[in-house]
Amino acid sequence: MLGNYKRQDDCQFYFVGGGLGCLTGAAYLLRDCGFEGKDIHIIEALPVAGGSNDACGDPEHGWICRGERMFNKQTYENFWDIMSSIPSLTNPGNSVTDDMFEFSSTKPCKAKARLLDADGEIMDSSSYGLNKQELKLVLSLFKADENELDDLTIEDWFGVSPHFFKTPFWYIYEGTFAFQPWSSVIEFKRYLTRFFHLITRINTASGVTLTRNSQFESIITPLLKVLMDAGVDFVYNTVVTDMDFADGDGITVTGLHVVHGDKKDYIKLNENDKVIVTLGCMTDNATFGNAEKAAGIDDSYPMSANLWKNIAAKKPVLGNPDKFFAHPDKSKWITFNCTFHGNTFMDWMEKYTHNKTGEGLLTSFTGSPWHMELRIPLPPYFENQPEDYSFLWMCAFYTDEPGRFTGKPEYECTGLEILDEILMSLPMDDDTRQKCRDEVVAAIPVMLPYTNAHFLARSAGDRPDVVPEGSTNLGFTGQYCEIPEDCVFTEEYSVRAARMAVYKLLGMKRDVCPVKPIQYDVRIILAALVSYLK
């Protein structure tokens, strides 16, 4: 993993946040930039690294992932690049990239029950159901300049045809990527363009690249091993609350204000030192319920956004966090983690959907007031998951709406009540439902008040550049810096930002993998036309 030369200067590199962006940024320093681990410092507020790529649990207490994500072989250019340098922990001679490609080719996804109607019946998703007016609106969005779309929502663009939000096209994009009518139409345009090739198969989730186990085990753990073996300095349970800047119009960080427990401290930066900050965090303020307790909600201003707000107040070119973090009513979701000692639920789903467990991947309940999306991974999804245990993950985007069967907003529901909403939404017999309930080990709802904040309507300047103009030593990663043409809410976005920041701050004459112009491939254009016009 280490590069072929060592730097001769005294540069210390500080990363604020221990998520994927900062971890891969550190890996690029080791591989490409001649750094030794002792000169790299990762400051993390939690007691564990990995950011939103988290997972933990055991058979006794059940398993939990606050989030779950999918990957794309054609477009995650920088993610595949750095992960090809991270050795697999399970297959000697393989990289993490090799593992993911091999697993996804031998266990491909193809959903036969991508959408369910209000009665739980399987819908035909072979046609996207767009009428002529809606097709024209999609085409005009492809052609629109982003400068024309400042602060516009998807509803602003497509609202002239309310039917659009009842089409299989919308249900699939909503469930796969987590768009909502009030999401930014700029981000929707970017997804339509960046993942243009997926229109031919997104209705079955075919071609999705996945990890064999949870993202924490398959990606973060091997990445951490490389960094720790190299001697990278990890500082846990420590929050960076503010930064000092040198006088003048430029941007030079001179020190970091940190809090460790009840103790305040200060890290003074020397002339050659660099800082990369994770702007915002989608899992900040997460609250957890259990089988008998609702998750509740903590919608206070999150700590990652507080840091952003403090530095933006000193340097306005650093963006506007309030655009994203002042609206938890529009950015919150609940994810649901259910562990069963038994396979009754999975066996029933296999018979009903005609998909083997893990093969179907995604199922959206289009008639659910919560807009539930089931994701059933191939077991064992966790390395310590026995054969007679199964795991169900669900996310829901409209947590304030009363459930069809609970009659309560989702955020007020216990884990067992959320499970009941799922079971009652399926055409399952009462005996099978009861057996599913009897097999529950843990039913854990997780409220994430800011998990969709990156999709809120925005305008130019609300997100700062990866390395802002005038910066001598400050860069950004995460989902809230601006990378033209690329899509937030992806692992690629964090990795690309970190790589860009590392190279630019160090003056490296190296190229970052460009965004592939897939939308100009004639073969894909022809195939997409057929799919859109079905």
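Here the structure is shown first, and the text comes after it.
Being a predicted model, the structure only gives us computed values, none of them experimental.

Take the overall build of the protein chain next. Counting its regular elements, the protein chain contains 16 helices and 19 strands. Taking 2.2 N^0.38 as the reference for a compact globule, 534 residues should give roughly 24 Å; the C-alpha atoms of the protein chain span a radius of gyration of 23 Å, in line with that estimate. Judged by the C-alpha coordinates and their principal axes, the protein chain covers about 70 × 55 × 45 Å. Here the protein chain holds 534 residues, and 60% of them are scored as buried. A sequence separation of at least 24 residues applies to 74% of the contacts in the protein chain between residues at least 6 apart. Per element, the accessible surface of the protein chain, about 21000 Å² overall, is 52% carbon and sulfur. On the protein chain, the mean spot of the 50 positive side-chain charges and the mean spot of the 75 negative ones are 5 Å from each other.

Another point: helix α6 (residues 168-177). Burial runs high along α6: 10 of the 10 residues are buried. Three or more residues of α6 are buried, namely Pro 168, Phe 169, Trp 170, Tyr 171, Ile 172, Tyr 173, Glu 174, Gly 175, Thr 176 and Phe 177. For α6, the secondary structure elements touched by its buried residues are β6 (115-116), α5 (154-158), α7 (185-194), β15 (361-365), β16 (372-376) and α16 (522-533). Phi turns positive one or two residues past the end of α6, at Ala 178, with a value near 75°.

Here the structure, examined in full by the defined rule, presents 48 aromatic pairs. Taking 5.9 Å as the distance between ring centres and 10° as the angle between the ring planes, the aromatic pair formed by Phe 340 and Phe 345 counts as stacked. Classification of Phe 345 by relative accessible area gives buried; the value is 0%. A cation over an aromatic ring shows up here: Lys 73 above the ring of Phe 101, its NZ or CZ 4.6 Å from the ring centre. The ring of Tyr 301 is capped by Lys 309, whose NZ or CZ atom sits 4.8 Å from the centre of that ring.

Attention shifts here to empty space enclosed by the protein. Per the stated rule, a full pass over the model turns up five cavities of 30 Å³ or more. Lining the largest cavity are 15 residues, with Met 349, Thr 353, Asn 355, Gly 360 and Ile 376 sitting closest to its centre. Every element with two or more residues in the lining of the largest cavity is listed here: α12 (344-353) and β15. At four residues, the largest contribution of residues to the lining of the largest cavity is made by α12. Each residue belonging to the lining of the largest cavity can be placed in one class, and the counts come to seven nonpolar, six polar and two charged.

Orientation of helix α4 (residues 132-143) relative to α7, taken along the N-to-C sense of each, is 90°, at an axis distance of 10 Å. The orientation of α4 with respect to α7, classified from their angle, is roughly perpendicular. Each of Leu 141, Phe 142 and Lys 143 in α4 lies in contact with α7, whose residues at this interface are Val 185, Phe 188, Lys 189, Leu 192 and Thr 193. By residue class, the composition of the contact of α4 with α7 is five nonpolar, one polar and two charged.

Once that is clear, we can look at the sheet that holds strand β10 (residues 253-260). Pairing in this open sheet of three strands is antiparallel, and the strands run β9-β10-β11 from one edge to the other. Strands with a single pairing partner mark the edges of an open sheet, and in this sheet they are β9 (238-245) and β11 (263-268). With strand direction ignored, the average angle separating the axes of adjacent strands in the sheet is 25°. Direction of pairing for β9 relative to β10: antiparallel, over a ladder of seven bridges. Bridge pairing links Asp 244 to Gly 255 in β10.

So, on to the layout of surface pockets. Counted as a void, the second largest pocket has a volume near 670 Å³. Taken together, 24 residues make up the lining of the second largest pocket; nearest its centre are Phe 142, Lys 143, Thr 193, Phe 196 and Gln 519. Mapped by element, the contributors of at least two residues to the lining of the second largest pocket are α4, α7 and α16. Counting residues per element, the lining of the second largest pocket draws most heavily on α4, which supplies six residues.

Definitions and cut-offs
Residues numbered from 1 in each chain as written. Predicted model: local features only at pLDDT ≥ 70, side-chain atom pairs only at ≥ 80, totals over all residues. Heavy atoms only, no water. Helix = DSSP H or I, 4+ residues; strand = E, 2+ residues; numbered from the N terminus. Rg over C-alpha atoms; globule rule 2.2 N^0.38 Å. Buried < 20%, exposed > 50% of the residue type's maximum accessible area, 1.4 Å probe, protein only. Contact = heavy atoms within 4.5 Å. Areas by Shrake-Rupley, 256 points an atom, 1.4 Å probe, with all protein chains shown as cover. Lys, Arg positive; Asp, Glu negative; His and termini not counted. Charge placed at Lys NZ, Arg CZ, Asp CG, Glu CD. Phe/Tyr/Trp six-rings, centres within 6.5 Å; stacked < 30°, edge-to-face > 60°. Lys NZ or Arg CZ within 6 Å of the ring centre and 35° of its normal. 1 Å grid on protein atoms, 1.4 Å probe; cavity = no way out; pocket = protein on both sides within 12 Å on 5 of 7 lines; lining within 4 Å. Points joined across faces, edges and corners; volume = space filled by probe spheres on them. Nonpolar A, V, L, I, M, F, W, Y, C, P; charged D, E, K, R; others polar. Axes fitted to C-alpha atoms, helices over the stretch in contact; angles between N-to-C directions. Parallel < 35°, antiparallel > 145°, perpendicular 65-115°, else oblique. Pairing = 2+ DSSP bridges.

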